[in-house]
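Structural features, examined
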Amino acid sequence: MLLSCGDALIDFLPSRTADGREAMTPAVGGSCLNISIGSARLDVPTGFVGGIATDTFGKMIADHAAASGVDLSRATRSDHQATLAFARVTGTETQYAFYDADTAARNWTYRRDAIALDGVSCLHTGSTTLVHDKGAAETLAFIEDIRTNVTIALDPNCRPNLVKDRDAYRARMLVFCGKADIVKMSDVDFAYLFGDEAYANRAEALLSGGASLVVITRGNDGAAAWHRKAGPIEVKAPVVNVVDTIGAGDSFQAALLAALHRLDRIARLRLADISAAELTRALAFACKCAAFTCTRAGADPPRSRELPAGTW
């Protein structure tokens, strides 16, 4: 089983009323929840760890996750309100305004031995959960307790508008990178954290620090990956008609983890010995799933049955 630990929220997406006025339509989102949904829809057993509200929006979140086959038995339901995020698309990027004070997600607390780990092979985390001190501390405690036996996957999925101290946030992300076996980030996230540094230089530093796999997604330019044995690999992104890019990075990560699971390369020792051909296949699959997500509105990753024959 894969687990994803972190944010679950409601995105309000741009839309139009019948008379042409701007409007906002609610949709379930949150990077970590999206990843659990994405991998579950690809027929990989997946669970979610984090705080989910019991209010109307929280019910939307829980119902949506359950409908995709996500196991919520490890999630914490609370009376705190749900996190809300209002999205605005600018060019190829989506910007968010978050309302996240005293929410169910922000109040999630890790309790040692309270989360069943039988059969868990990988834990993913990242995004808004790691911006705030409490969320980062609780998640780090969880990782420290399980990383001996569980592969750790990280996608910082930076939210600059939530960050108050960029240097402190960057230092925190480096700590989490040092705990991760798989580090994936977009080119935009990389620029925010590392400026104009060459991808390969930072990837080599992360590999030297303990990671087995580093992946940079580059939108229309596909993805590049560095691995200790399989070597640097690049894959192209399919050409599609883009509706929006919301959830594309989450879909990529979900599909990458699902592919590694299918290849029996998700466990730490198995991941260390992955071949270049296997890694190329996993990355290409992730790019195809991300591209598919871009063809429809919102964070709506594909189900296995929706993908064209030969995708996997």
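Below: a short report on this structure.

1. Thoughts on the packing of helix α7 (residues 248–262) against helix α9 (residues 276–294)
Packing of α7 against α9 leaves a shortest axis separation of 8 Å and a crossing angle of 145°. Our pair here, α7 against α9, has a crossing hand that is right-handed. Across from Ala248, Ser251, Phe252, Ala255, Leu256, Ala259, Leu260 and Arg262 in α7, the residues of α9 making contact are Ala282, Leu283, Phe285, Ala286, Cys287, Cys289, Ala290, Thr293 and Cys294. Residue composition of the contact of α7 with α9, grouped by class: 14 nonpolar, two polar and one charged.

2. Quick notes on the pattern of salt bridges
Counted according to the given criterion, the structure contains 18 salt bridges. For Glu197, the salt bridge identified is with Arg202, shortest N-O distance 3.1 Å. One salt bridge connects Arg265 with Glu278, and the closest N-O pair in it is separated by 3.0 Å. One end of the pair, Arg265, is in the loop between α7 and α8 (268–272); the other, Glu278, is in helix α9, with 13 residues separating them in the sequence. Neither Arg265 nor Glu278 differs from the other in exposure class; each is buried. One network of salt bridges, with partners in common, ties together Arg41, Arg296, Asp300 and Glu306.

3. Describing the packing of helix α3 (residues 133–146) against helix α4 (residues 166–179)
For the pair α3 and α4, the least separation of the axes is 11 Å and the interaxial angle reads 15°. Taken together, α3 and α4 sit at an angle that is classed as roughly parallel. Pair α3 / α4 crosses with left-handed handedness. Of the residues in α4, those touching α3 at Asp133, Ala136, Thr139, Leu140, Ile143 and Glu144 are Arg172, Val175, Phe176 and Lys179. The class makeup of the residues in the contact of α3 with α4 is five nonpolar, one polar and four charged.

The rules behind these values
- Residues numbered from 1 in each chain as written.
- Predicted model: local features only at pLDDT ≥ 70, side-chain atom pairs only at ≥ 80, totals over all residues.
- Heavy atoms only, no water.
- Axes fitted to C-alpha atoms, helices over the stretch in contact; angles between N-to-C directions.
- Helix = DSSP H or I, 4+ residues; strand = E, 2+ residues; numbered from the N terminus.
- Left-handed = near helix turned anticlockwise from the far one by under 90°.
- Contact = heavy atoms within 4.5 Å.
- Nonpolar A, V, L, I, M, F, W, Y, C, P; charged D, E, K, R; others polar.
- Salt bridge = Lys/Arg side-chain N within 4 Å of Asp/Glu carboxyl O.
- Buried < 20%, exposed > 50% of the residue type's maximum accessible area, 1.4 Å probe, protein only.
- Parallel < 35°, antiparallel > 145°, perpendicular 65-115°, else oblique.

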